Amino acid sequence: MDSYADWKEKDVKEIRRLDRSEKEEYKRLKATVLGTLTDKSWLIPFTEEVEATMFDVDSTLLVYGCFVDGVLAAVSTLDTDKAEFFEVAEAAGMPMEKKGGELGGSMVLPEYRGQNLMWEINSVLFAAARDMGFAYLVATAHPDNIASNTSLLKLGLDYKKTIIRTGSYTRNVYGKEL
């Protein structure tokens, strides 16, 4: 068993859905992450319209965050609007007549990278998708983003193929029937 001193040294993590009151924290995290990317094409930005509604209770985009010692250290999303991820689901060969979702919008602050936070958030989103009766999940990652590709494989998604998404973003496509 860990001693109190060992326990005290561990980071306290909380993973949960973000709400409208945390929109500014999300924006700061996004600005920091974008500021550190040497290749901005690693992240497909959400449109202003999506960002305006993504924290609403009835949004089809569920935004989850991982807080470490009270700091929003990482975020990821589950998109439940098939019209938004049809291209990816089709490329992954998923059953289009069934309910599915897309994991995406994943970002981790530089000082928290390498701590499996993305895998932890996406594991929670994976479980949420199962609870909501989803038949499959899809996800994409830039081919050069080793951490994201590894995390998706560790989550149990299968690599399907590489596509050009949204006109100019090269992405590895992953999918899994649940």
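Just above sits the structure.
Quick caveat: nothing in here was measured; it's all calculated off a predicted structure.

(A) Summary view of unusual backbone geometry. At D69, a position not held by glycine, the phi torsion is positive, near 50°. Tracing the backbone through its elements, the reader meets D69 in the loop between β2 (61–68) and β3 (71–79). The phi dihedral of T166 is positive, around 50°, even though this residue is not glycine. Note on placement: T166 falls in the loop between β6 (158–165) and β7 (169–177). Classification of T166 by relative accessible area gives exposed; the value is 54%.

(B) Representation of the pairing of β2 within the structure. With eight of eight residues buried, β2 is to be regarded as a mostly interior element. Residues L61, V63, G65 and F67 of β2 are buried on one face, and the alternating residues L62, Y64, C66 and V68, pointing to the opposite face, are buried as well. Taken together, the five bridges between strand β1 (residues 13–17) and β2 define a ladder with antiparallel strand orientation. Pairing of E14 across the sheet is with F67, part of β2. Where β2 and β3 come together, eight bridges link them in antiparallel fashion. From the neighbouring strand, C66 faces β3, where its bridge partner is A74.

Thresholds, definitions, all that
Residues numbered from 1 in each chain as written. Predicted model: local features only at pLDDT ≥ 70, side-chain atom pairs only at ≥ 80, totals over all residues. Heavy atoms only, no water. Helix = DSSP H or I, 4+ residues; strand = E, 2+ residues; numbered from the N terminus. Buried < 20%, exposed > 50% of the residue type's maximum accessible area, 1.4 Å probe, protein only. Pairing = 2+ DSSP bridges.

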